[in-house]
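# Per-entry structural report
Given next are the chains, with one letter for each unit.
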Amino acid sequence: MTDKKPKHRRGTEVFGDVVLAVHGGAGALSRAVITAEREQEYLQHLESALRTGFVLLKRGKRSLDAVEASVRYLEDCPLFNAGRGSVFTADGTFELDAAIMDGRTRRAGAVAAVSIVRNPISAARAVMQDTKHVMLAGAGAELVAAEAGVEIVNPSYFFTEQRRKQWEELGHHEHDETERKFGTVGAVARDRRGNLAAATSTGGTMGKRAGRVGDSPIIGAGTYADNATCAISTTGHGESFMRTVAAYDASALMKYRRMGLARAATEVVRVGLDSVKGQGGLIAIDASGNCALPFNTSGMLRGCITADGEVYTAIYRP
Ligand code: ASP
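Residue numbering note: each chain is counted from 1, following its sequence as written. Only residues with pLDDT of 70 or above have their local features reported here, since the model is predicted, and side-chain atom pairs are shown and tallied only from 80 upward, although totals for entire chains, interfaces and linings are computed over all residues. Hydrogens and waters are ignored; side-chain quantities use all the structure's heavy atoms.

### Focus: the site of the ligand
Quick reminder of the rule: Throughout, near means a residue has at least one heavy atom within 4 Å of the molecule or strand. Counting of polar contacts relies on pairs of N or O atoms within 3.5 Å, with two restrictions inside protein: one atom must be capable of donating a hydrogen and the other of accepting it, and residues adjacent in sequence are counted only when both atoms are side-chain atoms. For accessible areas, the Shrake-Rupley method is used with a probe of radius 1.4 Å. Any residue's cover is judged against the shown protein chains and nothing else.
Taken together, 13 residues form the shell around the ligand, and within it Thr184, Arg212, Asp215, Thr235 and Gly236 come nearest. Interatomic distance of 2.7 Å between a side-chain N/O atom of Asp215 and a nitrogen atom of the ligand. Contacts to the ligand include Gly236, whose backbone N or O atom sits 2.7 Å from a nitrogen atom. In the complex, the protein chains occlude 100% of the 270 Å² of accessible area that the ligand would expose alone.

### Here's the deal with the side chain of Thr229
To keep it simple, the criterion reads: Only DSSP runs of H or I covering at least 4 residues are called helices, and only runs of E covering at least 2 are called strands; the numbering of each starts at the N terminus. The contact definition used throughout considers only heavy atoms, calling two residues in contact when any of these lie within 4.5 Å.
Relative to the assigned elements, Thr229 resides in the loop between strand 9 (223-225) and strand 10 (231-236). For Thr229, the side chain forms a polar contact with the side chain of Ser251, separated by 2.8 Å. Sequence-distant contacts of Thr229, defined by excluding residues within four places in its chain, comprise Leu196, Ser251, Met254, Lys255, Ile285, Asp286 and Ala287.

### As for the pairing of strand 5 (residues 107-114)
Formally: With a 1.4 Å probe rolled over the protein chains alone, any residue whose accessible area is under 20% of its type maximum counts as buried; one over 50% counts as exposed, and the rest are partly exposed. Paired strands, as defined in this entry, are two strands with at least two bridges between them according to DSSP.
The buried fraction of strand 5 amounts to 6 of the 8 residues, a majority that puts the element mostly inside the structure. Pairing analysis gives 6 bridges linking strand 4 (residues 96-102) to strand 5, with the strands arranged antiparallel. Paired with Met101 across the bridge in strand 5 is Ala108. In this antiparallel pair of consecutive strands, strand 4 and strand 5, the connection spans 4 residues, and Arg106 shows a positive phi of 55 degrees. Relative to strand 6 (residues 135-137), strand 5 is paired through 3 bridges, and the arrangement is parallel. Directly across from Ala112, in strand 6, lies its bridge partner Ala137.

### Quick look at the side chain of Thr244
Examined against the element boundaries, Thr244 turns out to sit in the loop between helix 6 (238-243) and helix 7 (246-256). Taking relative accessible area as the criterion, Thr244 reaches 14% and is therefore assigned buried. For Thr244, the side chain forms a polar contact with the main-chain oxygen of Ser240, separated by 2.8 Å.

### A short note on the sheet that holds strand 8 (residues 196-202)
The line we're drawing: Simply put, an axis is a line fit to the C-alpha atoms, just over the touching stretch for a helix, and the angle between two N-to-C directions goes from 0 to 180 degrees.
With respect to topology, 8 strands assemble into an open sheet ordered 6-5-4-8-7-3-13-14, the strand pairing being mixed. Unpaired on one side and paired on the other, strand 6 and strand 14 (311-316) mark the two borders of the sheet. The average angle at which neighbouring strand axes cross in this sheet is 10 degrees, direction not considered. Direction of pairing for strand 3 (residues 18-27) relative to strand 13 (residues 299-306): antiparallel, over a ladder of 7 bridges. Residue pairing in the sheet places Val18 in a bridge with Thr306 of strand 13. Those strands touched by helix 2 (residues 63-76) are strand 3, strand 4, strand 7 (185-190) and strand 8, and its axis lies near 160 degrees from that of strand 7.

### Comments concerning the pattern of salt bridges
When charged atoms on two side chains of opposite charge get close, those side chains can pair. Stated precisely, the cut-off is as follows: For this document, the term salt bridge refers to a Lys or Arg side-chain nitrogen within 4 Å of an Asp or Glu carboxyl oxygen.
This model, assessed by the stated rule, comprises 14 salt bridges. Of the charged contacts, one joins Arg190 and Asp17 as a salt bridge, the two residues approaching to 3.5 Å between their closest N and O atoms. On the criterion of sequence distance, the pair formed by Arg190 in strand 7 and Asp17 in the loop between strand 2 (12-15) and strand 3 is long-range, its members being 173 residues apart. By relative accessible area, which is 14% here, Arg190 ends up buried. Judged by its relative accessible area of 40%, Asp17 falls in the partly exposed class. Across the pair Arg106 and Asp226 runs a salt bridge whose closest N-O atoms are separated by 4.0 Å. On the criterion of sequence distance, the pair formed by Arg106 in the loop between strand 4 and strand 5 and Asp226 in the loop between strand 9 and strand 10 is long-range, its members being 120 residues apart. When salt bridges that share partners are traced, they join Asp65, Glu68 and Arg125 into one network.

### Regarding the packing of aromatic side chains
Given two aromatic rings, their pairing is described by the distance between the two centres and the angle made by the two planes. Put simply, the rule is: Aromatic pairs are defined between Phe, Tyr and Trp rings, using the six-membered ring for Trp, whenever the two ring centres lie within 6.5 Å; interplanar angles under 30 degrees are classed as stacked, those over 60 as edge-to-face, and all others as tilted.
Throughout the structure, instances matching the rule amount to 8 aromatic pairs. A ring pair is formed by Phe88 and Phe159, whose centres lie 6.0 Å apart and whose planes are at 75 degrees; its orientation type is edge-to-face. Of this pair, Phe88 sits in the loop between helix 2 and strand 4 while Phe159 sits in the loop between helix 4 (138-147) and helix 5 (161-169), and the two are 71 residues apart along the sequence. Look at Phe88 and you get buried, because its relative accessible area is 4%.

Here it is as structure tokens:
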């Protein structure tokens, strides 16, 4: 499963010839808290998510289709904090956020605080394709999703016993302990034509206030794609990514400071995020297939696949 060996740049894993990368969240992920069995499950699902998008890219589909498919796979998997398996709000409800961006046109779509859409990433795509807007929240977003034929579910669909337990343990509200676990999912890809795309989907942070929207659906904070620079999807403490406009920051460093992908991605985490004591990481890819996976937490569920189908998946620090 872990065939491909990373190169390193200041603690950041760097790869070449990558066509797709995914993440399943960053945070307090250590061998002390994750069983060997759960570790294998995580790695297998990351690999399946990579292969789901990869098959489409191989068939000549667009990067937009690939990132949507990979994220849908992870949304449907109850282990991750997106779609089924999302975390609870302080009120014990579900409010999901997602965004998708096309690097070729820089068109983007996002949904915030939806609670009846099975795959929020497809709702985000519907916002991008079927409306004149970039972001819709709540009932308005759900209506666009339903009109586009995206599956509507009862909010109980998102429930998992594991999340209920975590919510009970936290006393129903957000905690500020030194390191938390974030389980947002995301994908970035490059297709045969060199077009980039990014997608991110999340249940947000455990015990968040009702109405809180994080970085994931904010274009430029948690999600960004521009063929001229890079495609980015982030995970971690959303407020920090919003305050540092992290995803766009990587693109801006490439565009205006002429940095390469690995350096730009590393700076966003080690300079930008660290400057507000933010925790998390990101996945980044450019049109030449360079890929970087930096994070400042103890772990990040992550993986990438190259054009010849070689897979790399990992959880802990390299
Ligand atoms: N970034 C997400 C948020 O703040 C959380 C995560 O990455 O799990 O909503």
